[in-house]
Amino acid sequence: MTDLSDTEKAKLPYEYQQYGVDDPITAPGHLSDPTDERHSLQRGLSARQISMIAIGGAIGTGLIIGTGSALANAGPASILISYTIVGLLVYVVMTALGEMATWLPAAGGFAPYATRFVDPALGFALGYTYWFKYVITTPNQLTAAALVIQYWCPPEKVNPGVFIAIFLVAIITINYLGIRFFGEFEFWLSSIKVLVIIGLIILCIILAAGGGPNAEKAPGFTYWHDPGAFAEYKSDGSLGRFLAVWSSMVTAVFAFLGTELIGVTVGEAQNPRRNIPRAIKLTFWRILIFYICSVFLVGMLVPYDSDRLAWATKQSSSAAASPFVVAIQLAGIKVLPGFLNACILIFVFSAANSDLYIASRTIHGLALKRQAPRFLAITDKRGVPFVSLGLSALICCIAFMNVSTGSKTVFGYFVNLVSIFGLLTWISILVSHIWFIRARRAQGVDEASLRYKSPFGLWGSVIALVFCCIIALTKNFSVFVGGFDYKNFITGYLGIPLYLFMIFGYKLAKRTKGLKPAEADLWTGKAIIDADEQEWLAKEAEAKASGKAGGWLYRHTLGLLF
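What you see is a predicted model, and the numbers here were worked out from it, not measured in a lab.

**A look at the overall build of the protein chain**
- Each helix and strand counted, the protein chain has 25 helices and 0 strands in total.
- Here the protein chain holds 562 residues, and the buried ones make up 57% of them.
- Taking contacts inside the protein chain between residues at least 6 apart in sequence as the whole, the part at least 24 apart equals 80%.
- Of the roughly 22,800 Å² of accessible surface on the protein chain, a fraction of 64% belongs to carbon and sulfur atoms.

Structure below.
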């Protein structure tokens, strides 16, 4: 770029002018050039893998276990209301992400959209907070897996650190073997998760209809009348019932975190403009069937004041802590808890595997934009960012802190600190979508040319943004009720000033400025994506004509459902 005249430089995208990058491929926000084999990812995720990963991505301990504490604190009607509201919020976020991801399927997750449409400083802060969240979440999942193993092997026999090491080596290996192996492995794990949830829903329907061994009559809505539909939380009367609903809404937010995983896969998805919209549309049914239906049925089967539920919510991340297990025990079924514990182990392992994948791809995307050391962008011939994977895996070794009982409290505070970053990610995605709409309108983009358009539009994202901000500010409201808990206040809210510090710190250091709608870079790399799309369409047409479309087992089993 140094050989260009000032007039020619002025015609370049805003990011190029601002950073003065000589090599356009390394410019911030660039979609990794497929011909650059040393730094680019490979599009190895098929349609069925994308669909199933999207369905199973957020099914984890937040739903299977976390729902128990929400029910105990809030009551069945409260969790049904809160999960429905947050489910709608998540769907708005996903449709907003889908609109941007199908316009420009970017390597590096969501940060490129914030960089190109809003401000490079927002892209920087978003990228690092998201990476930081997942390099902490991954060891936390490894610890949870070791705790689940204690159901069969108590720590007195085998140190939990042994299982943490085994699981860590396993997920590093799966990620290192390449995107095709990772996609296939996660496809089958997600399939198992989906089948388990569907099985639990069917079982709960049978129990709610009076089909359990102990059932003299169908429970129906008995527990909605006694002890009641709404619990009182931290206060009495109407205020207590309102706080119960709001506390369960915060729980619901963190149960849904991870749904945005599909946005990280777009850089490695085959024909993303076709497959990503399909996966986004499945989000609605996943939320309705897996979340709303599950919490509704659990609320029918377990009274919120049950002694078993109160005991379960104090247990570790094992089957004993699940409200589904409480429902099974109350129904008099004795065999299933051990089986469900094995299923929870699969859930946690799958979550740790995908979390490490997200962490490695996020820091790789930051390196592509020169917001992280350049060597972190290096990939091998299979498109695996092995340096970024190695760095993320090395940080995951903090999971061994949990071997020491004294360190668990500190680690718990650390997890509380970074959990807010998931919510800040949703906020950043919505801000990016609002700016994207303003930019395409200012630059005369025909809406008919969009491969996917959010049904909620600009105002849907604005309303969702307001709700996300309110929830972020009130996430740890309980620290102000019944005495001030300064430790949870600091760890619960420190993430917000850290996020803002990274935004304004980057703006001061790099002297960036917010992009006007007419300046936003909507076009760099789009021609490459358009050509890539035509190639995939030609390949799919050829495969279909020759009868080698693949995925026969999926299309005739789970594919019929989804």
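**A word on the nonpolar core**
- Formed by 162 residues in total, the largest nonpolar core has its most connected members in Tyr83, Tyr113 and Trp426.
- Per-element tally for this core: the top contributor is helix H8 (residues 120–149), with 17 residues.

**Examining the environment of Lys234**
- Position of Lys234 relative to the elements: it lies in the loop between helix H11 (222–228) and helix H12 (237–256).
- Sequence separation between Lys234 and Ser247 is 13 residues; the distance between their C-alpha atoms is 9.9 Å.
- Residues in contact with Lys234, not counting those within four places in the same chain, are Leu243, Ser478 and Val481.

**Observations regarding a nonpolar patch on the surface**
- A cluster of nonpolar side chains, namely Phe480, Phe484, Tyr486, Ile490, Leu494 and Leu498, defines an oily patch on the protein surface of about 590 Å² accessible area.
- Using a relative accessible area of 44% as the deciding quantity, one classes Ile490 as partly exposed.

**Describing unusual backbone geometry**
- With an omega dihedral of 15 degrees, the bond running from Asp226 to Pro227 counts as a cis peptide bond.
- Relative to the helices and strands, Pro227 is located in helix H11.
- Of note, the phi angle at Arg370 is positive, near 60 degrees, even though the residue is not glycine.
- Looking at the secondary structure, you find Arg370 in the loop between helix H17 (336–368) and helix H18 (386–395).
- Although it is not a glycine, Arg511 sits at a positive phi angle of roughly 55 degrees.
- Here Arg511 lies in the loop between helix H22 (495–510) and helix H23 (526–546).

**Remarks on the packing of aromatic side chains**
- Evaluated as defined, the whole model comprises 24 aromatic pairs.
- Between Phe117 and Phe436, the ring centres sit 5.0 Å apart and the planes meet at 40 degrees, which makes this aromatic pair tilted. Taken together, the positions of Phe117 in helix H7 (residues 111–117) and Phe436 in helix H19 (residues 405–442) put the pair 319 residues apart, joining distant regions of the chain. Taken individually, Phe117 and Phe436 each receive the classification buried, so the pair is uniform in this respect.

**Some details on H8**
- Between its first and last C-alpha atoms H8 spans 44 Å; for 30 residues at 1.5 Å apiece the expected length is 44 Å, and the two agree.
- Counting buried residues along H8, 27 of its 30 residues qualify, which places the element largely inside the surrounding structure.

**Quick word on the side chain of Asn175**
- Locating Asn175 in the fold gives a position in helix H9 (residues 160–176).
- Within the local environment of Asn175, its side chain forms a polar contact with the backbone nitrogen of Tyr357, the two atoms lying 3.5 Å apart.
- Every residue in contact with Asn175, bar those within four places of it in the chain, is listed here: Phe182, Asn353, Leu356, Tyr357, Val384 and Leu389.

**A few points about the environment of Val325**
- With respect to the element layout, Val325 can be found in helix H16 (residues 323–330).
- The buried category is assigned to Val325, whose relative accessible area is 2%.

**Describing the side chain of Ser454**
- Take Ser454: it is sitting in the loop between H19 and helix H20 (457–473).
- Leave out the neighbours within four places in its chain, and Ser454 touches Thr95, Ala96, Glu99 and His433.

**Some words on the pattern of salt bridges**
- Inspection of every chain in the model, using the stated rule, returns 7 salt bridges.
- We note a salt bridge from Arg440 to Glu447, for which the minimum N-O separation is 3.3 Å.
- Here Arg440 falls in the buried class, since its relative accessible area comes to 2%.

**Side note on the packing of helix H5 (residues 66–74) against helix H6 (residues 76–103)**
- Contact geometry for H5 and H6: axes closest at 7 Å, N-to-C directions at 125 degrees. Taken together, the axes of H5 and H6 are oblique relative to one another. The handedness of the crossing between H5 and H6 is right-handed. Contacts from Thr67, Ala70, Leu71 and Ala74 in H5 reach Pro76, Ser78, Ile79 and Tyr83 in H6.
- In terms of residue class, the contact of H5 with H6 is built from 6 nonpolar, 2 polar and no charged.

**Regarding H16**
- A large share of H16 lies buried, amounting to 6 of its 8 residues.
- Among all positions in H16, only Pro323, Phe324, Val325, Val326, Ala327 and Ile328 are buried.
- With its phi angle positive at about 90 degrees, Gly332 sits one or two positions after the end of H16.

**Quick look at the environment of Phe421**
- Within the element layout of this structure, Phe421 appears in helix H19.
- Along the chain, Phe421 and Lys133 lie 288 residues apart, while their C-alpha atoms are 6.2 Å from each other.
- Once you skip the residues sitting within four places of it in the chain, Phe421 turns out to touch Thr129, Phe132, Lys133 and Gly495.

**Describing the packing of helix H10 (residues 179–208) against H17**
- Two numbers describe how H10 lies on H17: the axes approach to 10 Å, and their chain directions differ by 145 degrees. Here the hand of the crossing between H10 and H17 comes out left-handed. When H10 is examined against H17, the residues Ile179, Phe182, Phe185, Glu186, Leu189, Ile192, Lys193, Val196, Ile197, Leu200 and Leu203 are found in contact with a partner set consisting of Leu336, Leu340, Cys343, Ile346, Phe347, Phe349, Ser350, Asn353, Ser354, Tyr357 and Arg361.
- Residue composition of the contact of H10 with H17, by class: 16 nonpolar, 3 polar and 3 charged.

**As for the state of the cysteines**
- One pass over the structure, following the stated rule, counts 0 disulfides.
- Free cysteine: Cys293, not disulfide-bonded; nearest cysteine sulfur from Cys204 at 8.4 Å.
- The class of Cys293 is partly exposed, set by a relative accessible area of 23%.
- The thiol of Cys397 is not disulfide-bonded; the next cysteine sulfur, from Cys396, is found 7.4 Å away.
- For Cys397, a relative accessible area of 33% gives the class partly exposed.

**So, the confidence of the model for the protein chain**
- Of the residues in the protein chain, 80% reach a pLDDT of 70 or more, and the chain-wide mean stands at 79.
- Averaged over each element, pLDDT in the protein chain is lowest for helix H2 (residues 14–19) (38) and highest for H20 (93).
- Within the model, the stretch residues 1–35 combines pLDDT values under 50 with 73 contacts to residues more than four positions away or in other chains.

Cut-offs applied
Residues numbered from 1 in each chain as written. Predicted model: local features only at pLDDT ≥ 70, side-chain atom pairs only at ≥ 80, totals over all residues. Heavy atoms only, no water. Helix = DSSP H or I, 4+ residues; strand = E, 2+ residues; numbered from the N terminus. Buried < 20%, exposed > 50% of the residue type's maximum accessible area, 1.4 Å probe, protein only. Contact = heavy atoms within 4.5 Å. Areas by Shrake-Rupley, 256 points an atom, 1.4 Å probe, with all protein chains shown as cover. Core = buried A, V, L, I, M, F, W, Y, C linked by side-chain atoms within 4.5 Å. Patch = residues over 30% accessible without salt bridge, like charges linked within 9 Å, V, L, I, M, F, W, Y side chains within 5 Å. Salt bridge = Lys/Arg side-chain N within 4 Å of Asp/Glu carboxyl O. Phe/Tyr/Trp six-rings, centres within 6.5 Å; stacked < 30°, edge-to-face > 60°. Expected span 1.5 Å × (residues − 1). Polar contact = N/O pair within 3.5 Å; in protein donor to acceptor, adjacent residues only side chain to side chain. Axes fitted to C-alpha atoms, helices over the stretch in contact; angles between N-to-C directions. Parallel < 35°, antiparallel > 145°, perpendicular 65-115°, else oblique. Left-handed = near helix turned anticlockwise from the far one by under 90°. Nonpolar A, V, L, I, M, F, W, Y, C, P; charged D, E, K, R; others polar. Disulfide = S-S within 2.5 Å. pLDDT = per-residue confidence, 0-100.

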